[in-house]
Amino acid sequence: MKIKDAILEQVAGLKSQYPKDEIKEIAFAGRSNVGKSSLINTLINRKNLARTSSKPGKTRTVNFYKINDSFRLVDLPGYGFAKVSKKEKEKWNLLIEDYLSTRENLKEVFLVIDIRHEPTENDIKMYNWILENGFMGFIIATKYDKISKGKIKHYIKIIKNKLNIKDEGLIFAFSSKNKLNKDVILEQINVIIDNF
């Protein structure tokens, strides 16, 4: 799939602000600072459309990116960020939960995990929710360029075991720096969009 056009269509802090149409959506969920925004920028061939930051917790809204005027990629707020108030955390969690539970446009959820770190309890909860709600259970393991190539299988195995994933083919190692598996992920997105 070639991405010719991408726009930040809507930034939503409330459900009432979600786009009101039937365009298919694919969401990216994950902890703060795992590289969701960098992933989206790489997939759409833009440097700064999705706002990135070295500080975790930058994405505090549900951000809708319209692609080729035919589907959307959705960047969800990162969960598990420690340096915000309990009230703010609860607000983000409700926003994530509400979008994932009620959005009819949603066709798939990719869980984004930093390949260098073992999945957390929050990652396990999110992954189980993804499976329980009938989604495939794709994982994008980011920051691949930050580990030695000889250790990739080791890190993938940790993710596979911790999340109890049967099919290793559901895990995509990814690097926004060298664009590893960018085309593979885009092709998977294309398949999902075509099949719904």
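The shown structure was predicted, so the numbers you read here are calculated from the model rather than taken from an experiment.

(A) How the structure looks around the confidence of the model for the protein chain. Confidence in the prediction for the protein chain averages 89 pLDDT; 89% of positions are at 70 or higher. Predicted confidence in the protein chain is weakest over helix α2 (residues 86-102), with a mean pLDDT of 77, and strongest over strand β6 (residues 139-142), with 98. The low-confidence segment residues 53-58, where pLDDT is below 50, has 10 contacts with residues more than four positions distant or belonging to other chains.

(B) Highlighting the pattern of salt bridges. For the structure shown, the criterion picks out 10 salt bridges. With its nearest N and O atoms 2.5 Å apart, the salt bridge here joins Arg 72 to Glu 9. Linking Arg 72 in strand β4 (residues 71-75) with Glu 9 in strand β1 (residues 6-12), this pair joins segments that are 63 residues apart in sequence. In this structure Arg 72 comes out as buried when scored by relative accessible area, which is 0%. Overall, Glu 9 belongs to the partly exposed group, its relative accessible area being 27%. Because the salt bridges share partners, they merge into one network encompassing Glu 9, Asp 21, Glu 25, Lys 66, Asp 69, Arg 72 and Arg 103.

(C) Region of the structure containing the nonpolar core. Counting 62 residues, the largest nonpolar core has Phe 28, Tyr 99 and Ile 189 as the members making the most contacts within it. Per-element tally for this core: the top contributor is strand β5 (residues 106-114), with 6 residues. Not counting residues up to four positions away in its chain, the partners in contact with Tyr 99 are Tyr 18, Glu 25, Ala 27, Val 62, Phe 64, Val 74, Leu 76 and Leu 106.

(D) Looking closely at helix α3 (residues 121-132). Taking 1.5 Å per residue as the helical rise, α3 with its 12 residues ought to reach 16 Å, and the 16 Å between its terminal C-alpha atoms agrees with that figure. Buried within α3 we find Asp 123, Ile 124, Met 126, Tyr 127 and Ile 130. Take α3 and look down its axis: the buried residues cluster within an arc of 165°, on one side only. Facing away from the buried side of α3 by more than 90 degrees, the exposed set consists of Glu 121, Lys 125 and Glu 132. Following α3 by one or two positions, Gly 134 adopts a phi angle in the positive range, close to 85°.

(E) Structural detail: unusual backbone geometry. Despite not being glycine, Lys 143 has its phi angle at roughly 65°, a positive value. On the secondary structure map, Lys 143 appears in the loop between β6 and α4 (152-162). With phi around 65°, Asn 181 is a residue other than glycine that occupies positive phi space. Along the polypeptide, Asn 181 turns up in the loop between β7 (171-173) and α5 (182-195). Classification of Asn 181 by relative accessible area gives partly exposed; the value is 26%.

Here is what the cut-offs are and how they apply
- Residues numbered from 1 in each chain as written.
- Predicted model: local features only at pLDDT ≥ 70, side-chain atom pairs only at ≥ 80, totals over all residues.
- Heavy atoms only, no water.
- pLDDT = per-residue confidence, 0-100.
- Helix = DSSP H or I, 4+ residues; strand = E, 2+ residues; numbered from the N terminus.
- Contact = heavy atoms within 4.5 Å.
- Salt bridge = Lys/Arg side-chain N within 4 Å of Asp/Glu carboxyl O.
- Buried < 20%, exposed > 50% of the residue type's maximum accessible area, 1.4 Å probe, protein only.
- Core = buried A, V, L, I, M, F, W, Y, C linked by side-chain atoms within 4.5 Å.
- Expected span 1.5 Å × (residues − 1).
- Arc of directions from axis to C-beta.

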